[in-house]
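# Summary of structural features
Next come the chains, spelled out residue by residue.
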Amino acid sequence: MLVRATAAGKDIELGARDPFPEELESKFGDKVLGNASTEHIILVPSRPVEIAQKSCAELPRGATAMTEKEAKEFLRKACQIVVGWRIINEDGCLKLQGEWNLASFSAGVELFQRIAAVAKAENYFPSLSLDRKNRAKVDIWTESLGSGLTENDFILAAKIDKLKTSDLIKRNRVWA
């Protein structure tokens, strides 16, 4: 199926693609009939700047952390970019937590070196832990606000998500 899109006044040929979340919500599939040879023209919604392209900014004086409801809503909106992270409430402190099951302990150390390079560039440092089962955890929160979440935490998580980790992940063997 050929799919063309119009974005910023330009026609773009996309080939086959998965629908955008906004298209799924509109139930456009219930209204469109066609087959593989049908040409569909879909308008691509304009998207805000990807969160991973932003930089962690110094918080203004008097800034406050997000409430749990605000943080969950922000995560829901950013979930296309910040994948696999969850919000945890640890003794009243909201944190973003990511987890990886790694192939080895040395893979965990390598992951932490990659994360450290990103964190250093942003001057924003997460909490890293690696257990004996080669499971790495990264917790991100803003300590300066009495422990909570700000947009900076989501920016760092999005930048960490951009890291190449496929060479570090534990692979399950499949026997035929």
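Residues numbered from 1 in each chain as written. Predicted model: local features only at pLDDT ≥ 70, side-chain atom pairs only at ≥ 80, totals over all residues. Heavy atoms only, no water.

### Here we look at the packing of aromatic side chains
One pass over the structure, following the stated rule, counts two aromatic pairs. Here the aromatic rings of Phe74 and Phe154 are separated by 4.6 Å at their centres, their planes lie at 50 degrees, and the arrangement is tilted. Taken together, the residues Phe74 in helix 3 (residues 68-78) and Phe154 in helix 5 (residues 151-161) connect sequence positions 80 residues apart. Phe74 sits in the partly exposed class, given a relative accessible area of 24%. (Phe/Tyr/Trp six-rings, centres within 6.5 Å; stacked < 30°, edge-to-face > 60°. Helix = DSSP H or I, 4+ residues; strand = E, 2+ residues; numbered from the N terminus. Buried < 20%, exposed > 50% of the residue type's maximum accessible area, 1.4 Å probe, protein only.)

### Some remarks on the packing of helix 4 (residues 105-122) against helix 5
Between two packed helices, what matters for the description is the angle formed by their axes and the separation of those axes. Axis separation between helix 4 and helix 5 bottoms out at 10 Å; the angle between their running directions is 140 degrees. It follows from the interaxial angle that helix 4 and helix 5 lie oblique. Pair helix 4 / helix 5 crosses with right-handed handedness. Here Ile115, Val118, Ala119 and Glu122 of helix 4 lie close against helix 5, whose contacting residues are Leu156, Lys159 and Ile160. Tallied by class, residues from the contact of helix 4 with helix 5 come to five nonpolar, no polar and two charged. (Axes fitted to C-alpha atoms, helices over the stretch in contact; angles between N-to-C directions. Parallel < 35°, antiparallel > 145°, perpendicular 65-115°, else oblique. Left-handed = near helix turned anticlockwise from the far one by under 90°. Contact = heavy atoms within 4.5 Å. Nonpolar A, V, L, I, M, F, W, Y, C, P; charged D, E, K, R; others polar.)

### Quick word on the nonpolar core
Counting 32 residues, the largest nonpolar core has Trp85, Leu96, Trp100, Ile115, Ile140, Leu149 and Ile160 as its most contacted members. Elements supplying a minimum of two residues to this core: helix 3, strand 5 (93-101), helix 4, strand 7 (135-140) and helix 5. The leading source of residues in this core is helix 5, at six residues. Residues contacting Ile160, with those up to four places away along its chain left out, are Trp85, Trp100, Ile115, Val138 and Ile140. (Core = buried A, V, L, I, M, F, W, Y, C linked by side-chain atoms within 4.5 Å.)

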